[in-house]
Amino acid sequence: FRATLAGGRRWPGLADTETEGMIRGRGAQMRSRNRACGVEEIKARRRQQERDLRKARKEKQLVSKRLPRGLQGDGEEMEIRETLITQEEVLQLYRRIQHGSDDRLAALRSLRQVLQLKKSQQMFVGFENSIHVLIGLFTSNLAVVQLEAAQCLLELSHSDDPSISLVCLPATPYLLTYLSGQSAKFTELCLYILGNLAAENETVRNQLLVQGVIQALAICLQSPHGAVVEAAAYSLSQMLQAKEAGEKIIPAVLEANLTPHLIRLLDVDSEFGMQTAVECAWCLHYIVSSGVNSECMISQGLVCQAVILLIALGRAIESGTTTDGVELLIYPVARCLGNLIASNGTARSKVLVHDGDLLRALSTFVSGFLQSRPFVTRECLWLLNNLTAGDEQFCSAIFCLNLLPAFLQLIPFSGGINTLVLMLLGNIAEMGLECCEKLRQQTDIFPALCTTLRTADPEAVRLALEVLNRILSHCQQSLQCR
């Protein structure tokens, strides 16, 4: 029931398969039929957790990057009630922007508000030539009209209806052209429209690839404007989430040499800030999870940068100086590091230089996010499993730093946390007599394991029995030697 992982044994082998385009541990595979049920349940929970996380992330991004809802251009509040918007009202707004009336700008602002509603979006795109009229205003010589038309396109791009993203397809050449414009604000807006459109539809992504979106994003990632860099990374992350990313998109990203720029931006202390680092981290996670040559990513400094970043975040959390949303940075960085360690021995050797500081940081994340963001706790425990798999130095460091008592306190927790802790104990027990003796000396370990044996979770029971067997077997050998 064990699995070979990165040249060592991860006990027992647990890794996710494809999870909405994201693969967790590429090297670990299941070795026993009798544990398939428990692992599949864990995988199913992980898949749902990742869907929820990505949905929350997407909603957070949309709220933070579009103009505030409920405000007209003159600053007066405008309340939109879906039940009060009729097709005739939407049609009247369309006619006002179509025929060039004197109040076209006001009509565009009202249309932007109306397009916040799904029903109104469907009404508007159903009118003949509506999207072409909007694109015509988007390419206007009047900057204020152009900006309001872009805001309307942004509202349409927020739709989760794939058919609407297809309707917006004729806008993509102009969106890409304007990425090289002089206005950072307008460039940022175009980037978010592109990212939102790419998220929902493969046809849109295919057209963007043909039109050179990767090369355009590469230029934007080198912009001196932080908002543009963040928006470019967001758009790229939307492309990289696609199911066809490994075949079509990631090769283009590597060919354009984007990854060194993404790695460089994994720095919360840089002028571009944490949100840019978050988007770059998700991009790198999708690339690493695709099965790309890990040597390439390691040689570009991803492992060292990820370790340094996690250590810095751990210290910031301990000192209380972090900002909201830091979990969205920890999560993809931890997974990047875990996948690289699972696939390449060179990655492990680079991490060993910082073993103590990294373990302290991961322990801080495990305990600090246990109640509020348990998905971070699970991810960091998974990374700890990969670090300790077949590695005596990391196992010994856990004892030297006295981290084990805190991990033992997590065994009563469900949702996959208990099984990950038990796997960690198993990795340590695998190291032999000395480590088993140190485990035996932990005051809380036997009560915690015995309590687990009384639970209804068969996977946790099996793991607890295996840990007990390891400890007692080695202790028996020790007594016989004496």
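What you see is a predicted model, and the numbers here were worked out from it, not measured in a lab.

Cut-offs applied
- Residues numbered from 1 in each chain as written.
- Predicted model: local features only at pLDDT ≥ 70, side-chain atom pairs only at ≥ 80, totals over all residues.
- Heavy atoms only, no water.
- Helix = DSSP H or I, 4+ residues; strand = E, 2+ residues; numbered from the N terminus.
- Expected span 1.5 Å × (residues − 1).
- Buried < 20%, exposed > 50% of the residue type's maximum accessible area, 1.4 Å probe, protein only.
- Salt bridge = Lys/Arg side-chain N within 4 Å of Asp/Glu carboxyl O.
- pLDDT = per-residue confidence, 0-100.
- Contact = heavy atoms within 4.5 Å.
- Core = buried A, V, L, I, M, F, W, Y, C linked by side-chain atoms within 4.5 Å.
- Phe/Tyr/Trp six-rings, centres within 6.5 Å; stacked < 30°, edge-to-face > 60°.

**As for helix H24 (residues 417-429)**
Between its first and last C-alpha, H24 extends 19 Å over 13 residues, near the 18 Å set by a 1.5 Å rise per residue. Along H24, 13 of the 13 residues are buried, which leaves the element largely enclosed by surrounding structure.

**Quick word on the pattern of salt bridges**
Pairing of side chains with opposite charge becomes possible as their charged atoms draw close. Tallied over the full model, the rule gives 15 salt bridges. Note that aspartate 103 is salt-bridged to arginine 96, the shortest N-O span being 2.8 Å. A relative accessible area of 31% means that aspartate 103 is categorised as partly exposed. Connected via shared salt-bridge partners are Arg109, Arg112 and Glu148.

**Section: the confidence of the model for the protein**
Detailed conclusions should not be drawn from predicted coordinates in areas where pLDDT is low. Of all residues in the protein, 81% attain a pLDDT of 70 or more, and the chain-wide mean is 82. Counting interchain partners and residues more than four positions distant, the pLDDT-below-50 stretch residues 1-39 has 126 contacts. This model gives residues 58-78 a pLDDT under 50, and the stretch forms 36 contacts once residues within four places in sequence are excluded.

**A closer look at the environment of leucine 408**
One can find leucine 408 in helix H23 (residues 404-408). The sequence separation of leucine 408 and leucine 425 amounts to 17 residues, and the corresponding C-alpha distance is 9.0 Å.

**A word on the nonpolar core**
Phe124, Leu236, Phe365 and Phe407 are the most contacted members of the largest nonpolar core, which totals 159 residues. For this core, the leading source of residues is helix H15 (residues 273-289), giving 11 residues. Setting aside anything within four residues of it in sequence, one finds phenylalanine 407 in contact with Ser363, Val366, Leu384, Ile398, Val421 and Leu424.

**Section: the packing of aromatic side chains**
Following the criterion strictly, the structure yields 9 aromatic pairs and no others. With centroids separated by 5.7 Å and ring planes inclined at 15°, the aromatic side chains of tyrosine 94 and phenylalanine 127 adopt a geometry described as stacked. Taken together, the positions of tyrosine 94 in helix H2 (residues 87-98) and phenylalanine 127 in the loop between helix H4 (118-126) and helix H5 (130-138) put the pair 33 residues apart, joining distant regions of the chain. For the pair shown, tyrosine 94 and phenylalanine 127 are each scored as buried. Between tyrosine 192 and tyrosine 234, the ring centres sit 5.0 Å apart and the planes meet at 40°, which makes this aromatic pair tilted. One end of the pair, tyrosine 192, is in helix H9 (residues 184-200); the other, tyrosine 234, is in helix H12 (residues 226-240), and 42 residues separate them in sequence. Just as tyrosine 192 is buried, tyrosine 234 falls in that class too. Every member of this aromatic cluster is reached through a ring pair, and the members are Trp282, Tyr286, Tyr331 and Phe375.

**A closer look at the environment of threonine 346**
Tracing the sequence through the fold places threonine 346 in helix H19 (residues 345-352). Overall, threonine 346 belongs to the partly exposed group, its relative accessible area being 31%. For the pair threonine 346 and isoleucine 298, spaced 48 residues apart in sequence, the C-alpha to C-alpha distance is 7.9 Å. Sequence-distant contacts of threonine 346, defined by excluding residues within four places in its chain, comprise Glu295 and Ile298.

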